[in-house]
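Single-letter residue listing:
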Amino acid sequence: MRRLLALHALLVYLFLYLPILVIVALSFNESRRGVRFTGFTLDWYQALFQDPRVLEYFLNTLLVAFVSTLAATVLGTLLAVGLVRYRFPGKGFLSYLLYIPVVVPDVVMGVSLLLLFALAREVLGFPRLSLLTVILGHITFQVAFVTLVVRSRLLLLDPALEEAARDLGARGWQTFWHVTLPLAWPGVAAGALLALTLSLDDFVVTFFTAGPGATTLPLYIYSSVKLGVSPKVHALSTLIIGLSAFFLALGYTLSRRRI
Amino acid sequence: MNEAATPWQRAFRVLVTVGPGGLWLLVFVLLPTLLVLMASFLTRGPYGELTGPWGFHNYAKILHPVYLEAFAQSLLVGVLATVISALLGYPLAFYIARHPQRDLLLFLLLLPFLTNFLIRVYAWLVLLQREGLVNALLGAFGLGPLVLYPSFFAVLLATVYTFLPFFVLPVYASVERLDWQLLEAAHDLGARPVKAFLHAVLPQTYPGLFAGSVLVFIPAMGTFVVADLLGAGRVVLIGNLIQQQFGITRDWAFGAALSVFLMGFVLLSLYLYARLQGERGLKDLV
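Residues numbered from 1 in each chain as written. Chains lettered and ligands numbered in written order. Predicted model: local features only at pLDDT ≥ 70, side-chain atom pairs only at ≥ 80, totals over all residues.

Here we come to the overall build of chain A. From N to C terminus, chain A includes 11 helices and zero strands. Taken over C-alpha atoms, the radius of gyration comes to 23 Å for chain A, far larger than the 18 Å a tight globule of 259 residues would show. In terms of overall dimensions, chain A has a C-alpha envelope of 75 × 60 × 35 Å along the principal axes. Within chain A, buried positions represent 41% of all 259 residues. Restricting the contact set of chain A to residue pairs at least 6 apart, pairs at least 24 apart contribute 79%. (Helix = DSSP H or I, 4+ residues; strand = E, 2+ residues; numbered from the N terminus. Rg over C-alpha atoms; globule rule 2.2 N^0.38 Å. Buried ≥ 20, exposed ≤ 12 C-beta atoms within 10 Å, placed from the backbone. Contact = placed C-beta atoms within 7 Å.)

Encoded structure:
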């Protein structure tokens, strides 16, 4: 029985890694089409680096990811603190609203934001679909995830710690800054990391909220794939796979060291 | 206890913490949702704009066989992807949870998952195309070449590939909490292995099984990218219909109605999940 489970696991892991390994191998393949390996080459990487548009898309992706993650982390952390610590009218409703970006399929999320921006443009005259609207869209789904992650961390904390700070004469913001925030920090960091990953990976919401000139790497990959299999995309994918593997491995070793 | 905060101070604190994020949710989540609902009752104007008259005509249009077929296909993809994920993921979760190197195995499970979603889908296009690896392997056995892409099969395969970790992780969490003494007790009482598993182990993993099913079913049903790239026009799901209405067809009103319909399916599956799992279950999902 145990052997059967092990064999099954091996096959599933093969299934998970086969596509990725094929992409990596093809990025070094001389042949433009097909899977026959005709010779090793770095031509596709050279072509990729010589394409100034790719650098622009890369910078766009980073800009969107960092700005939106920063904003969403601040908004989400404050919201989580408010939801856990205070009672106020509409609290239940707000908690439900928080789940909408999590459960709604991203196509629906994308088109609903598109409708919002179209209406705003009609009534207010702005915003034009651009990197700004992409950032606004990303913040929207990120806020929900950050709030939920930070909230679950705050719920684990002992409220007596904050009471003690108040009893010792700390003001509201002092308690927040010196007690609540440091204790919630692992949750805030985890939420921010999740938000960053979601933004870097997002295609659908970006697709509906980006205008001309606001191309990110996922949009670029999509349009090149639509045009046909391209070795340059293999090279770009291999770089992205390598980078994500590096950061995940880094996080993995760091988290093990702490234990 | 120190002197309590005055009502004004308390209102101020709520305003500072909840205010910005709450306002954001109202403007960027609630308002757009209401706009979609509203647009679904409007009509497409001659230039693709939204105008009157109001009515249920967009919903009536969904009942046309062409659109109903897209819904049926989406449902099929959702259900099949969930079942296949269960067959692949359930035993895997047990294997990982009982392995001495389980941290490493979890890491290896998540690694492909963290590479870009589009790349993962694209990889299957490369594997399944006419000159791809799968056909090359088939050719080595004197079989094929088969037209694997574009096809329903390709869409299903890539959907499972994309969402499989969503199934494994909740089941893994259930297996980790499992009380193995129940299994021993069942054995001691003379239950055969299959019966012991069905009565002593399986029920304990229901929470993970249900959560995993919802987490695979909802995105599998709602995706348009996988069908767009691997179905290449032959497999049309609800997501693709919605994208078309907001793209080339430019019938936002009908697209909005389709979105509301899709949301209905999502809410229905969440409702069924909540009935099976109890209120707590919804929080376990996230």
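A tally of regular secondary structure across chain B gives 14 helices and two strands. With the C-alpha coordinates aligned to their principal axes, the bounding extent of chain B is approximately 80 × 70 × 35 Å. Taking all 286 residues of chain B together, 44% fall into the buried category.

The next subject is the interface of chain B and chain A. Each partner contributes residues to the interface: chain B has 66 residues there, and chain A has 68 residues. When residues of the side of chain B that touches chain A are assigned to their parent elements, the largest contribution, 20 residues, is made by helix α1 (residues 7-39) of chain B. Partitioning the side of chain B that touches chain A into residue classes produces 47 nonpolar, 15 polar and four charged. (Nonpolar A, V, L, I, M, F, W, Y, C, P; charged D, E, K, R; others polar.)

Looking at the assigned domains, one finds that chain B contains domain 1 (1-39) and domain 2 (56-285). The centre of domain 1 of chain B, based on its C-alpha atoms, is set 35 Å off from the matching centre of domain 2 of chain B. (Domains from an automatic or database assignment.)

Glancing now at the packing of helix α12 (residues 238-246) of chain B against helix α13 (residues 252-277) of chain B. Residue and element names in this part refer to chain B. As a packed pair, α12 and α13 sit with axes 8 Å apart at the nearest point and diverge in direction by 155 degrees. Between α12 and α13, the angle is such that the two are roughly antiparallel. The two elements α12 and α13 meet at a crossing, and its hand is left-handed. Across the interface between the two elements, Ile-238, Leu-241, Ile-242, Gln-245 and Phe-246 from α12 touch Trp-252, Phe-254, Gly-255, Leu-258, Ser-259 and Leu-262 from α13. Broken down by class, the residue content of the contact of α12 with α13 amounts to eight nonpolar, three polar and no charged. (Axes fitted to C-alpha atoms, helices over the stretch in contact; angles between N-to-C directions. Parallel < 35°, antiparallel > 145°, perpendicular 65-115°, else oblique. Left-handed = near helix turned anticlockwise from the far one by under 90°.)

Further remarks concern helix α4 (residues 91-103) of chain A. In a regular helix each residue adds 1.5 Å, so 13 residues correspond to 18 Å; α4 of chain A covers 19 Å between its end C-alpha atoms and thus fits that length. Among all positions of α4 of chain A, only Leu-94, Leu-98, Ile-100, Pro-101 and Val-103 of chain A are buried. At its buried positions, α4 of chain A is contacted by α5 (106-124) and α6 (131-156) of chain A together with α1, α10 (206-222) and α13 of chain B. (Expected span 1.5 Å × (residues − 1).)

This next bit is on the nonpolar core. All names here are of chain B. One finds Trp-124 and Leu-230 to be the most contacted residues of the largest nonpolar core, which totals 145 residues. The leading source of residues in this core is helix α7 (residues 152-176), at 16 residues. Here this core gathers at least three residues from each of two domains, domain 1 (1-39) and domain 2 (56-285). Once residues within four sequence positions are removed from consideration, Leu-230 is found in contact with Val-121, Trp-124, Leu-125, Tyr-149, Pro-150, Ala-154, Val-155 and Ala-158. (Core = buried A, V, L, I, M, F, W, Y, C linked by C-beta atoms within 7 Å.)

Right, let's get into the confidence of the model for chain A. For chain A, the average pLDDT comes to 87, and 97% of its residues sit at 70 or higher. Taken element by element, the predicted model of chain A shows its lowest mean pLDDT in helix α11 (residues 231-258) of chain A (78) and its highest in helix α9 (residues 204-209) of chain A (94). (pLDDT = per-residue confidence, 0-100.)

Turning our attention to the packing of helix α10 (residues 217-227) of chain A against helix α5 (residues 117-128) of chain B. The interhelical angle for the contact between α10 of chain A and α5 of chain B, taken along N-to-C directions, is 20 degrees, at an axis separation of 9 Å. The orientation of α10 of chain A relative to α5 of chain B falls into the category roughly parallel. The crossing of α10 of chain A and α5 of chain B is left-handed. Two secondary-structure elements touch here, α10 of chain A through Pro-218, Ile-221, Tyr-222 and Val-225 of chain A and α5 of chain B through Leu-118, Ile-119 and Tyr-122 of chain B.

Inspection of the secondary structure puts Pro-112 of chain B in helix α4 (residues 102-114). For Pro-112 of chain B, a count of 25 C-beta atoms within 10 Å corresponds to the buried category. Taking the C-alpha atoms as reference points, Pro-112 of chain B and Tyr-90 of chain B, separated by 22 residues in sequence, lie 19 Å from one another. Excluding residues within four positions of it along the chain, Pro-112 of chain B makes contact with Leu-16, Tyr-17 and Ile-20 of chain A together with Arg-120 of chain B.

Turning our eyes to something else, we now look at unusual backbone geometry. Most of the time, phi is negative for any residue but glycine, and the peptide bond is trans. Along the chain, Phe-126 of chain A connects to Pro-127 of chain A via a cis peptide bond; the corresponding omega equals -5 degrees. As for its position among the elements, Pro-127 of chain A is in the loop between α5 and α6. Cis rather than trans, the peptide bond between Tyr-149 of chain B and Pro-150 of chain B has omega equal to -5 degrees. With respect to the element layout, Pro-150 of chain B can be found in the loop between α6 (133-140) and α7. The backbone of Ala-232 of chain B sits at a positive phi, close to 40 degrees, despite the residue not being glycine. Its place among the elements puts Ala-232 of chain B in the loop between α11 (225-231) and α12. You will see that Arg-250 of chain B, though not glycine, has its phi angle at about 50 degrees, which is positive. Positionally, Arg-250 of chain B belongs in the loop between α12 and α13.

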